[in-house]
Amino acid sequence: MEQGEIKLVRVAKTTMHEQTVLKNLLKMYCYEWSQYNKLAVNADGEFAFETHASDYWTKEGYHAYLIAVGENWAGFVLFDNAGFIVHKNYDYSMAEFFVLYPYRCSGVGSYVATSIFDSFAGGWEIGCHPKNEASVHFWERVINSYTAGAYEMIRSCPSYRYHDGTFGDVLSFKAG
């Protein structure tokens, strides 16, 4: 797959179609993610996070991007300047990063992550659920390559506990 086929589309207050696409992809993400964090749906069949998704196109310092490969939606990226775990003086916290199965292991995720880091220079934190081994390996590989090994990894960080009680892993690094 050529990198030129990959596009990031910003989700904003005025982009109603993109908001709908993100909400639809978010349902798939939450379902997949529930195997790790054991979250259940509410009485309306929604995961709690779905009701807060609009923060990423309405709040200052919150960012939402859809990932497109050619003419197809392939995932999304949500990050902000509020969800810090360890380094409160950092600039960005990766909230959610999702690539649909047909695009995994194809370079799409790596390309998107490094594009985001290049566009938003500064201190970054990324939390990972250790049971989501694919995610942990992805982030370690991408960040190690991006920083040439200049990053910090805290395994089972006591400041980062998931809904299921598991302590998360936290990766910290400087981008740009």
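Scroll up to find the structure this text is about.
In what follows, the accompanying structure is described. As the structure is a computational prediction, the values presented were derived from the model and not from experiment. Residue positions within a chain follow its written sequence, with the count starting from 1. At least 70 in pLDDT is required for a residue's local features to be given in this predicted model, at least 80 for side-chain atom pairs to be given and counted, and no such filter applies to totals for whole chains, interfaces and linings, which use all residues. Water and hydrogen atoms were dropped before computing side-chain values, which therefore reflect all heavy atoms in the structure.

## Concerning the nonpolar core
Step number 1: We define a nonpolar core as any set of buried Ala, Val, Leu, Ile, Met, Phe, Trp, Tyr and Cys residues linked to one another through side-chain atoms lying within 4.5 Å. Only protein chains enter the accessibility calculation, which uses a 1.4 Å probe; a residue whose area is less than 20% of its type maximum is buried, one above 50% is exposed, and one in between is partly exposed. Ranked by size, the top nonpolar core spans 50 residues in total, and within it Phe76, Phe79, Met94, Phe97, Phe117, Trp124 and Trp139 carry the most contacts.
Step number 2: If you tally residues by element for this core, the top one is helix α1 (residues 16-37), at 8 residues.
Step number 3: Setting aside its immediate chain neighbours within four residues, Trp139 contacts Met94, Phe97, Ala113, Phe117, Ile126, Cys128, Asn144 and Leu171. In this description a helix means any DSSP run of H or I spanning at least four residues, a strand means any run of E spanning at least two, and both kinds are numbered starting from the N terminus. Contact definition: two residues touch when any of their heavy atoms are within 4.5 Å.

## Points about the sheet that holds strand β3 (residues 72-80)
Step number 1: Only strands that DSSP links by at least two bridges are regarded as paired with each other. Across the sheet, 7 strands lie side by side as β1-β2-β3-β4-β5-β7-β6; this open sheet has mixed pairing. Bordering the open sheet on either side are β1 (6-10) and β6 (151-154), each of which pairs with just one other strand. Put simply, the sheet's adjacent strands are angled 25° from each other on average, direction ignored.
Step number 2: In the sheet, β1 pairs with strand β2 (residues 62-69) via 5 bridges, with the strands oriented antiparallel. Angles run from 0 to 180 degrees between N-to-C directions of axes, and those axes are lines fitted to C-alpha atoms, restricted for helices to the stretch in contact.

## Some words on the pattern of salt bridges
Step number 1: Between Lys or Arg on one side and Asp or Glu on the other, a salt bridge is scored when a side-chain nitrogen of the former is within 4 Å of a carboxyl oxygen of the latter. This model, assessed by the stated rule, comprises 5 salt bridges.
Step number 2: A salt bridge links Glu140 to Arg155; its shortest N-O distance comes to 2.9 Å. With Glu140 in helix α4 (residues 133-147) and Arg155 in the loop between β6 and β7 (169-175), this pair connects stretches of sequence that are 15 residues apart.
Step number 3: Judged by relative accessible area, which is 18%, Glu140 ranks as buried.

## Topic: α4
An α-helical segment advances 3.6 residues per turn. Residues three or four places apart therefore align on the same side.
Step number 1: To estimate the expected span of a helix, count its residues, drop one, and scale the result by 1.5 Å. The terminal C-alpha atoms of α4 lie 21 Å apart, and with 15 residues this matches the ideal 21 Å at 1.5 Å per residue to within 8%.
Step number 2: Listed in full, the buried residues belonging to α4 are Ser135, Val136, Phe138, Trp139, Glu140, Val142, Ile143 and Thr147.
Step number 3: The inward-facing, buried residues of α4 contact β4 (92-99), α3 (108-119), β5 (122-128), β6 and β7.
Step number 4: The first or second residue beyond α4 is Ala148, which carries a positive phi of 55°.

## Examining the environment of Val77
Step number 1: The residue Val77 is located in strand β3 in this model.
Step number 2: When its relative accessible area of 0% is taken as the criterion, Val77 is described as buried.
Step number 3: Taking the C-alpha atoms as reference points, Val77 and Tyr65, 12 residues apart in sequence, are found 5.2 Å from one another.

## Some details on the environment of Phe120
Step number 1: Along the polypeptide, Phe120 turns up in the loop between α3 and β5.
Step number 2: Linking Phe120 and Asp91, residues 29 residues apart in sequence, is a C-alpha distance of 8.7 Å.
Step number 3: Every residue in contact with Phe120, bar those within four places of it in the chain, is listed here: His63, Tyr65, Phe79, Tyr92 and Ala175.

## Thoughts on α1
Step number 1: With 22 residues, α1 extends 30 Å between its outermost C-alpha atoms, agreeing within 8% with the 32 Å of an ideal straight helix rising 1.5 Å per residue.
Step number 2: Backbone geometry just downstream of α1 places Lys38 in the positive-phi region, at approximately 60°.

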